[in-house]
Amino acid sequence: MRIFAPIPKAAQQAPSARSSISRLAPSRRLLQRQPQTEPPAKTPLESFTETMEAEGRVSIPVQEADPNCPCNQFAPAPCTTLQRDKINAAHTLAQQRLWRATMRMWEHVHGRSSPAESTRVTTALRANFRSESVKRVAERMGTLAIRSKNALCEPHCTPTCQDPKHVAYAPRPWRNSQCYEFCPPFFTKGPSEATRILIHEMAHSWLGVGGEQYKWKGEYPPIDSLLNADSYAWLAHDLGQ
Ligand SMILES: [Zn+2]
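Presented here is a report on the structure given in the accompanying data block.

Definitions and limits used
Residues numbered from 1 in each chain as written. Predicted model: local features only at pLDDT ≥ 70, side-chain atom pairs only at ≥ 80, totals over all residues. Heavy atoms only, no water. Helix = DSSP H or I, 4+ residues; strand = E, 2+ residues; numbered from the N terminus. Expected span 1.5 Å × (residues − 1). Pairing = 2+ DSSP bridges. Disulfide = S-S within 2.5 Å. Buried < 20%, exposed > 50% of the residue type's maximum accessible area, 1.4 Å probe, protein only. Donors = N, O, S within 2.8 Å, 3.2 Å for Na, K, Ca; no water. Tetrahedral: all angles 85-135°; square planar, octahedral: opposite > 155°, others 65-115°. Salt bridge = Lys/Arg side-chain N within 4 Å of Asp/Glu carboxyl O.

### Some details on helix H4 (residues 81-109)
Stage number 1. Taking 1.5 Å of rise per residue, the 29 residues of H4 would be expected to cover 42 Å, and the 42 Å separating its terminal C-alpha atoms lies within 8% of that figure.
Stage number 2. Just past H4, the residue Gly-111 takes up positive phi, approximately 70°.

Below, the structure written as C-alpha cells:
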C-alpha cells in the first residue's frame, strides 16, 4: 500500500517556514525575509480543492487514506511484485490524468482558457458525453481526481475471473473505496490502457455509476453518459495528457 503525503496548504506551511527562517544567520535572514511576507501563491490544484470543499462537493477528507478497505475482509488474492508495479504505475498516471483533465475543464468553465484550449475541452466533452455541461462533468471529474489521491487498498489479483475477458472490477460491496480486483488480461495492457481501465473502475467506485457502454462498442456516448464509467475514463485520456 502506498501512502500519499497530503498536499500542503498555505496555512499549514506558514509556521514551519517561519521557524526555518529564524534559524538562519542574520545576513541570510535579511535576504530571505522579503519573499516570506507574501503568502505563497496557491497552486491551481489547491485552489480547486478548496473551492470543491467550500461548495460542499466533497463529503470526506481529501488526501487521507481510506478509513477502511472493505476488500480486506475477503480472502486475499495476492499480487506478484510485477503486478503491483503495474497497478501502482496506473494509479500514478490516473491521478495525473484526472487532475489535468479537471483543471483544463475548470479553467474553461471560468473563462480562463485560450480559444484552442476551449475547443479541446468542448470537443473532448462531446466525444464522450451527450448534452451535459462542462461544469457538471468537471465537478464529477473533480470528485474522481480528489478520491484518486487516496492510497489504493490492498489489490486483489484474481487468477481466474468470472468472465475470462474481463480486465478489472470494482465490486459493488467495495464501492466508495480504493478496493479493486484485477484479472489476468489487465496485466497484458500497456500503461495508457491500464490507466484508462483503472479510471473506469474508479468511476464505478467513487461516482456509483453503473453504465457499461464502451467507447469501442456500440452507441457511444450513450444517452445516459453521466452514468457511464467509460465516458470518464476516456475524457481523462483525452484531456489529461
Ligand atoms: Zn465497468
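### A look at the sheet that holds strand S1 (residues 156-157)
Stage number 1. Pairing within the open sheet is mixed, and its three strands lie in the order S1-S3-S2. Each edge of the sheet is formed by a strand with only one pairing partner; in this case those strands are S1 and strand S2 (168-169).
Stage number 2. Examined bridge by bridge, S1 and strand S3 (residues 181-182) share two bridges and lie parallel to one another. Paired with His-156 across the bridge in S3 is Glu-181.

### Focus on the state of the cysteines
Stage number 1. Taken as a whole, this structure holds four disulfides when the rule is applied.
Stage number 2. Residue Cys-71 pairs covalently with Cys-179 via a disulfide, S to S 2.0 Å. The chirality of the disulfide connecting Cys-71 with Cys-179 is left-handed, given an S-S dihedral of about -75°. Pair noted here: Cys-71 is in the loop between helix H3 (44-54) and H4 and Cys-179 is in the loop between S2 and S3, with a separation of 108 residues, a long-range link.
Stage number 3. Judged by relative accessible area, which is 1%, Cys-71 ranks as buried.
Stage number 4. Paired through a disulfide, Cys-79 and Cys-157 show a sulfur-sulfur distance of 2.0 Å. For the disulfide bridge between Cys-79 and Cys-157, the dihedral angle about the S-S bond is near 95°, and by the sign convention the bridge is right-handed. Of the two residues, Cys-79 is situated in the loop between H3 and H4 and Cys-157 in strand S1; the sequence distance between them amounts to 78 residues.
Stage number 5. Judged by relative accessible area, Cys-157 falls into the buried class, the value being 6%.

### Focus: the coordination of the zinc ion
Stage number 1. The protein atoms donating to the zinc ion are His-200 (NE2), His-204 (NE2), Glu-212 (OE) and Glu-212 (OE), with metal-donor distances spanning 2.0 to 2.3 Å.
Stage number 2. Note that the zinc ion binds four donor atoms; their angles at the metal cover 58 to 149°, and the shape is irregular.
Stage number 3. Of note, the zinc ion draws all its donor residues from one chain, in the sequence arrangement H-x3-H-x7-E.
Stage number 4. Given a relative accessible area of 3%, His-204 falls into the buried group.

### Digging into the pattern of salt bridges
Stage number 1. Scanning the model with the defined rule gives seven salt bridges in all.
Stage number 2. Between Lys-215 and Asp-238 there is a salt bridge, with its nearest N and O atoms 4.0 Å apart. Here Lys-215, found in the loop between helix H7 (191-207) and helix H8 (229-239), pairs with Asp-238, found in helix H8; they are 23 residues apart in sequence, far enough to count as distant.
Stage number 3. Accessibility expressed as a relative area gives 29% for Lys-215, which makes it partly exposed.
Stage number 4. Relative accessible area serves as the criterion here: at 22%, Asp-238 is assigned to the partly exposed category.

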